[in-house]
Amino acid sequence: MRKLSVLFLLTLSLLPAALPVLAQSGASPQMDSALQQNGKIYVVVAVLVVIFIGIVLFLIRMERRISRMEKDQRSASS
Amino acid sequence: MKYWWKILCVVLLLYTIIGGLLMPVPALEILHETIRNLYYHVTMWFCMLIIFFVSFASAIGYLRNPQPARDIVAVEAARVGLLFGTLGLITGSIWARFTWGEFWSNDPKELCAAIAWLIYLAYFILRNSFTDIDKRARVSAVYNIFAFILMIPVLFVIPRMTDSLHPGNGGNPGFNTYDLDSDLRMVFYPAIVGWTLLGAWLLDLRVRMKKIELNRMIHA
């Protein structure tokens, strides 16, 4: 489990480094108009990343709970 | 390390979210920036198809050798697949509002997707109408095979034979145009794997949960 959270933090810490590189290869001017104006698309990216990580943390908690129940059941039946 | 594929899922989906929104895409008429939906909307259907195939294969497996575990995988895979199908329908409808003008305009692709959705919804209604566990598993496995085989032409053949406005059908810029684009492929393929692994993760959790419940029922 600790390995998992380390991986999350690592990915997160790499984000700011990766963003400028990605931003340089922007789309053609016509495509920029609505979505990438003022570079605020990053706000949306940040929001989505936070939502996704929230969902993943929820899944991990479920994962651990189910693993514990499986272990309990195995030790009870043996 | 049995969690490796779950970590891979998270990494690929983070890449899909960040790269999918920021990396360059080809400029096409009608689609414009919504071409990025390829990484989110289209992948929902890919994921659904793969998970439904798992369900279909488990249903066949159950009929060959009736084990409760196979029935559990079949029903839970159908459940996760239906979740992704529902998300595919909703996201497609949002996209249609801003490219075709209406949330729902009875396009052949929309109607066929709705039919496929209802076919799988009926699976759960059918299942829940049985009280006998063995009969429920057997009849729903038979229906599952029927549903999967029916879904293929309904989703992938009929819309292409008619005048659907959906990209990839009729005269619209679609799969053939952008499938060849390397910018799109760089996110599209990892996105398919990422979303499918997320589906597999949900399936894994649900199957284990149901197995715990089953064991509890047997020992009670």
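Residues numbered from 1 in each chain as written. Chains lettered and ligands numbered in written order. Predicted model: local features only at pLDDT ≥ 70, side-chain atom pairs only at ≥ 80, totals over all residues.

With that settled, consider the overall build of chain A. Across its full length, chain A holds 3 helices and 0 strands. In sequence order, chain A lays out its α and β elements as α-α-α. A total of 78 residues make up chain A; the buried ones form 0% of that total. (Helix = DSSP H or I, 4+ residues; strand = E, 2+ residues; numbered from the N terminus. Buried ≥ 20, exposed ≤ 12 C-beta atoms within 10 Å, placed from the backbone.)

On to the overall build of chain B. Regarding its fold elements, chain B presents 8 helices and 0 strands. Listing each helix as α and each strand as β along chain B from the N terminus yields α-α-α-α-α-α-α-α. Here the C-alpha radius of gyration of chain B, 19 Å, is about what a compact globule of 220 residues would show, namely 17 Å. Projected onto its principal axes, the C-alpha positions of chain B cover 60 × 45 × 25 Å. Evaluated residue by residue, chain B yields a buried proportion of 35% over its 220 residues. Across chain B, contacts joining residues at least 24 apart in sequence account for 75% of those joining residues at least 6 apart. (Rg over C-alpha atoms; globule rule 2.2 N^0.38 Å. Contact = placed C-beta atoms within 7 Å.)

Moving on, we come to the confidence of the model for chain B. Residues and elements named next belong to chain B. Residues of chain B with pLDDT of at least 70 account for 95%, and the chain-wide mean is 91. Per-element confidence in chain B is highest for helix H2 (residues 41-64), whose mean pLDDT is 96, and lowest for helix H7 (residues 175-178), whose mean pLDDT is 55. Of the two predicted TM-score estimates for the complex, the pTM is 0.82 and the ipTM is 0.77. (pLDDT = per-residue confidence, 0-100.)

Bringing the nonpolar core into the picture now. All names here are of chain B. Core analysis: the largest hydrophobic core is formed by 51 residues, its most contacted members being Ile 51 and Ala 74. Mapped onto this core, the elements with two or more residues apiece are helix H1 (4-22), H2, helix H3 (68-99), helix H4 (108-128), helix H5 (133-156) and helix H8 (182-219). Here this core takes 10 residues from H2, the largest share from any one element. Excluding anything up to four places from it in sequence, Ala 74 contacts Ser 55, Ser 58, Ala 59, Tyr 62, Ala 141 and Asn 144. (Core = buried A, V, L, I, M, F, W, Y, C linked by C-beta atoms within 7 Å.)

Another point: the UniProt feature "domain: Cytochrome c assembly protein" (unreviewed entry) in chain B. Here, UniProt's "domain: Cytochrome c assembly protein" (unreviewed entry) annotation points to residues 23-158 of chain B. This span, residues 23-158 of chain B, is 75% helix and 0% strand, and a straight line between its end C-alpha atoms measures 34 Å. (UniProt positions renumbered as here; feature names shortened; annotations may be inferred.)

Turning our eyes to something else, we now look at the UniProt feature "transmembrane region" (unreviewed entry) in chain B. All names here are of chain B. Taking the numbering used here, the UniProt-annotated feature "transmembrane region" (unreviewed entry) corresponds to residues 43-63, 75-96, 108-126, 138-158 and 187-207. Within residues 108-126, the helical portion is 100% and the strand portion 0%, while the C-alpha atoms at the span's ends are 27 Å from each other. As annotated, residues 138-158 has a helix share of 95% and a strand share of 0%, and its two end C-alpha atoms lie 30 Å apart.

The next subject is H1(B). Helix length check: H1(B) (19 residues) gives 27 Å between terminal C-alpha atoms against 27 Å at 1.5 Å per residue, within 8%. Listed as buried for H1(B) are B:Cys9, B:Val10, B:Leu12, B:Leu13, B:Leu14, B:Thr16, B:Ile17, B:Ile18, B:Gly20, B:Leu21 and B:Leu22. (Expected span 1.5 Å × (residues − 1).)

Let us now look at the confidence of the model for chain A. Across chain A, the average pLDDT comes to 72, with 50% of residues at or above 70. When mean pLDDT is taken per element in chain A, helix H3 (residues 41-77) of chain A scores highest with 91 and helix H2 (residues 29-35) of chain A scores lowest with 52.

Below, the discussion takes up the packing of H3(B) against H8(B). Helix-helix packing: each pair is described by the crossing angle between the helix axes and the interaxial distance. All names here are of chain B. At their nearest, the axes of H3 and H8 sit 9 Å apart, and the two run at 140° to each other. Between H3 and H8, the angle is such that the two are oblique. For the element pair H3 and H8, the recorded crossing hand is right-handed. Counted together, Pro 68, Ala 69, Ile 72, Val 73, Glu 76, Ala 77, Arg 79, Val 80 and Phe 84 of H3 and Gly 199, Leu 202, Leu 203, Arg 206, Val 207, Lys 210, Lys 211 and Leu 214 of H8 form the full contact between these two elements. For the contact of H3 with H8, the per-class residue count stands at 11 nonpolar, 1 polar and 5 charged. (Axes fitted to C-alpha atoms, helices over the stretch in contact; angles between N-to-C directions. Parallel < 35°, antiparallel > 145°, perpendicular 65-115°, else oblique. Left-handed = near helix turned anticlockwise from the far one by under 90°. Nonpolar A, V, L, I, M, F, W, Y, C, P; charged D, E, K, R; others polar.)

In this section: unusual backbone geometry. Among all residues save glycine, negative phi is the norm, and among peptide bonds the norm is trans. Residues and elements named next belong to chain B. Positive phi, normally seen in glycine, also occurs at His 32, with a value near 50°. Topologically, His 32 is positioned in the loop between H1 and H2. The partly exposed category is assigned to His 32, around which 18 C-beta atoms lie within 10 Å. Although it is not a glycine, Asn 106 adopts a positive phi angle of roughly 55°. The topology assignment puts Asn 106 in the loop between H3 and H4. In this structure Asn 106 comes out as exposed when scored by C-beta crowding, with 8 C-beta atoms within 10 Å.

Here the focus is the packing of H3(B) against H4(B). Residue and element names in this part refer to chain B. Packing of H3 against H4 brings their axes to within 10 Å, and their N-to-C directions diverge by 150°. By the angle between their axes, H3 is roughly antiparallel relative to H4. As for the relative orientation of H3 and H4, their crossing is left-handed in sense. Between H3, through Val 75, Ala 78, Gly 81, Leu 82, Gly 85, Thr 86, Leu 89 and Gly 92, and H4, the contact on the second element is made entirely by Ala 113, Ala 114, Trp 117, Tyr 120, Tyr 123 and Arg 127. Residues that form the contact of H3 with H4 fall into these classes: 9 nonpolar, 4 polar and 1 charged.

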